[in-house]
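Take a look at the letters that make up each chain.
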Amino acid sequence: MTLSLYNTLSRSKEKFVPIGTPVGLYTCGPTVYHYAHIGNLRTYVFEDLLKRVLLYNGYIVRQVMNVTDVGHLVGDGDMGEDKMEKGAAREGKTAWEIADYYLSAFKKDLHLLNINEPDVWCKATDYIQEQIDLIKELEAKGFTYVTSDGVYFDTEKFPNYNKLSHLKLEELKEGARIEKNSEKKNPTDFALWKFNTTGEKRQMEWESPWGAGFPGWHIECSAMSLHFLKGHLDIHCGAVDHINIHHTNEIAQSEAATGEKFFNYWIHGAFLNVGDDEKMSKSVGNILTLELVTGEERVDPLAFRYACLLTHYRKPMSYKAGMLQQADAALKNIRRSLESLPHEIGKVDEACEAEFLAAINDDLNMPQAVAVLQSVLKSTLADDVKAATIQRFDEVLGLNLTLGKITEELPEEIRQLAAERERARADRDWATSDASREQLEKLGYSVEDVAEGMKIRRNF
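Anyway, here's the lowdown on the structure attached to this text. (Residues numbered from 1 in each chain as written. Predicted model: local features only at pLDDT ≥ 70, side-chain atom pairs only at ≥ 80, totals over all residues. Heavy atoms only, no water.)

Turning to the pairing of strand E11 (residues 265-269), a few remarks are in order. A large share of E11 lies buried, amounting to five of its five residues. Following the chain from strand E10 (residues 235-239) across helix H7 (residues 243-258) to the adjacent parallel E11, one finds a crossover that is right-handed. (Buried < 20%, exposed > 50% of the residue type's maximum accessible area, 1.4 Å probe, protein only. Helix = DSSP H or I, 4+ residues; strand = E, 2+ residues; numbered from the N terminus. Right-handed = clockwise from strand over helix to strand, strands pointing away.)

Here's what the structure looks like:
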């Protein structure tokens, strides 16, 4: 069955045809100056689903994710403070310490949401020379010029600069004029290398042929994707706010340097809004972290993953109070229905799997895939067939759907942790309760709070 994906480049759903093996998948990663918010995490859930769907279809996948630990300036443009330096000043730590701390926090969120880590993590600061080499290639081909604050890419020399955004060039230029940089030849020109103009040594700066400084935000993704996926530039992902600036600039600098097409498929996830239409943003100050929302609503973090499945990745998703409680209740109902199913599974039902595959291969139609899951749960299929089919579906859904009755014989360590958590809950000591639950989950147990107490299930 054919996998079709919506390609922002063509503005249409296209049959996925890989360049070869493995499929090269580049997913824009975090800027590690602060915690990821649930709007960011929605994008990473969608990208995880994409990778799982590719694997489900039998492809071998090589996923690369960058970690932006330098060069991302406030406002996503070329003016203002570096977000890492700003984060370091805010917390009284070095930029390197900030990067390590928030990358660890980000990986914890991935674990809680059952998002598989990429095959390759690559930090911008580990590939400075590759970025310098790419800028030198652009310079040799006449695409750059130097100003008092950096080395810039001349977008006027790159035809079809707007081919990803599909906006008129004048609209892109108008959007770029907010920086008011009089030395730019064109409003859409962007920095490849920034000089340190503060007069004080930055924490993160390097020598280059153009002077001491640091790379611009966009060049890292081009340099690292070409380094790790050259010859396998299949799919590039990110959120929709990357289309007009970040990804547009990646395409321009990469194709100018190599003379070849830069990625065949560009796939973008829609925003998660607060309420009905307010974008969640660190700059606005309305961010909600996974720890905050799951703690306030007293839910399993996988309730957020389940909620993401109910809205197509290209449609805006709204976060409202109580939303995760509803998702958590639905997920618990699914898990309860699995209690009667045996550990010994049979064969996957071919008709149900074909229906599931049709849904996920139709541009990752996860709402329909969940509907197929629900229909299997309510079906009259033999229990062992039902168990096999659900386990197969969960390879994509990633909800940790375990089978069988709740384990009654628990190891002593688990019983002690459970008792500690019960005491903490009775005392309304939510911090200790959460810590105990997290420890239980790390040891491979699912925890469910019900009216009669707490149920613990081993993740078989």
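Okay, the pattern of salt bridges next. Per the stated rule, a full pass over the model turns up 19 salt bridges. Among the ionic pairs, Lys108 bridges to Glu438, the shortest N-O distance being 3.5 Å. Pair noted here: Lys108 is in helix H3 (residues 95-112) and Glu438 is in helix H15 (residues 430-442), with a separation of 330 residues, a long-range link. The partly exposed category is assigned to Lys108, whose relative accessible area is 37%. With a closest N to O distance of 3.5 Å, Arg298 and Asp434 form a salt bridge. (Salt bridge = Lys/Arg side-chain N within 4 Å of Asp/Glu carboxyl O.)

This part is about the pairing of strand E4 (residues 61-67). Most of E4 is tucked away, with six of its seven residues classed as buried. Two strands pair when backbone bridges link them, and strand E3 (residues 23-27) and E4 are joined in this way by five bridges, in the parallel orientation. Within E4, the residue paired with Val23 across the bridge is Val61. Regarding the hand of the β-α-β motif, the stretch spanning E3, helix H1 (residues 38-56) and E4 is right-handed. Pairing of E4 with strand E5 (residues 120-123) involves four bridges; the strand directions are parallel. Bridged to Met65 within E5 is Trp121. (Pairing = 2+ DSSP bridges.)

Bringing the packing of aromatic side chains into the picture now. Aromatic ring pairs: the centre-centre distance and the angle between the two ring planes describe each pair. Under the criterion given, the structure shown has 19 aromatic pairs. Between the aromatic rings of Tyr127 and Phe228, the centroid separation amounts to 5.5 Å while the plane-to-plane angle is 75°, which identifies the pairing as edge-to-face. Of this pair, Tyr127 sits in the loop between E5 and helix H4 (128-140) while Phe228 sits in helix H6 (residues 217-229), and the two are 101 residues apart along the sequence. Summarising the aromatic geometry, the rings of Phe356 and Phe393 are spaced 4.0 Å apart at their centres and angled 10° between planes, so their arrangement reads as stacked. With a gap of 37 residues between them, Phe356 in helix H11 (residues 350-360) and Phe393 in helix H13 (residues 383-397) connect regions that are remote in the sequence. Aromatic ring contacts, followed pair by pair, group Tyr26, Phe262, Phe263 and Trp266 into a single cluster. (Phe/Tyr/Trp six-rings, centres within 6.5 Å; stacked < 30°, edge-to-face > 60°.)

What the three strands build is an open sheet, ordered E13-E12-E14; its pairing is mixed. Pairing within the sheet leaves two strands with one partner each, and these edge strands are strand E13 (278-279) and strand E14 (317-319). Direction of pairing for strand E12 (residues 272-274) relative to E13: antiparallel, over a ladder of two bridges. Of the residues in E13, the one forming a bridge with Asn273 is Lys279.

This paragraph deals with the environment of Thr289. Position of Thr289 relative to the elements: it lies in the loop between E13 and helix H8 (290-296). When the C-alpha positions of Thr289 and Asn40 are compared, they lie 9.4 Å apart, and in sequence the two are 249 residues distant. At 3.1 Å, the side chain of Thr289 and the backbone nitrogen of Leu292 are in polar contact. (Polar contact = N/O pair within 3.5 Å; in protein donor to acceptor, adjacent residues only side chain to side chain.)

Our next topic: the packing of helix H2 (residues 83-91) against H3. Put simply, H2 and H3 touch, their axes get as near as 8 Å, and they point 95° apart. Relative to H3, H2 is oriented roughly perpendicular. The residues of H3 that touch H2, namely those facing Met84, Gly87, Ala88, Arg90 and Glu91, are Ala95, Ile98, Ala99 and Tyr102. (Axes fitted to C-alpha atoms, helices over the stretch in contact; angles between N-to-C directions. Parallel < 35°, antiparallel > 145°, perpendicular 65-115°, else oblique. Contact = heavy atoms within 4.5 Å.)

Attention shifts here to the sheet that holds E10. One open sheet accounts for five strands, arranged E5-E4-E3-E10-E11; its pairing is parallel. Edge positions in the open sheet fall to E5 and E11, since each of these has one partner strand only. Geometrically, the sheet is characterised by an average inter-axis angle of 20° between neighbouring strands, direction not taken into account. Along the sheet, H3 makes contact with E4 and E5, crossing E5 at roughly 155°.

Assignment of secondary structure puts Asp349 in the loop between helix H10 (323-338) and H11. Within the buried core, Asp349 has no salt-bridge partner, and the shortest N-O distance to an opposite charge, that of Lys386, equals 11 Å. The residues touching Asp349, leaving out its near neighbours within four places in the chain, are Leu381, Val385 and Thr389. (Lys, Arg positive; Asp, Glu negative; His and termini not counted.)

Looking now at unusual backbone geometry. Cis geometry marks the peptide bond from Thr21 to Pro22; its omega dihedral reads 0°. Tracing the chain through its elements places Pro22 in the loop between strand E2 (12-15) and E3. Residue Asn114 is not a glycine yet carries a positive backbone phi of 55°. Within the fold, Asn114 resides in the loop between H3 and E5. Taking the relative accessible area as the measure of exposure, Asn114 reaches 19% and is therefore buried.

Looking now at the side chain of Thr188. Here Thr188 shows up in the loop between helix H5 (169-176) and strand E8 (190-195). Taking the relative accessible area as the measure of exposure, Thr188 reaches 8% and is therefore buried. Polar contacts involving the side chain of Thr188 include one to the side chain of Thr155, which spans 2.7 Å.

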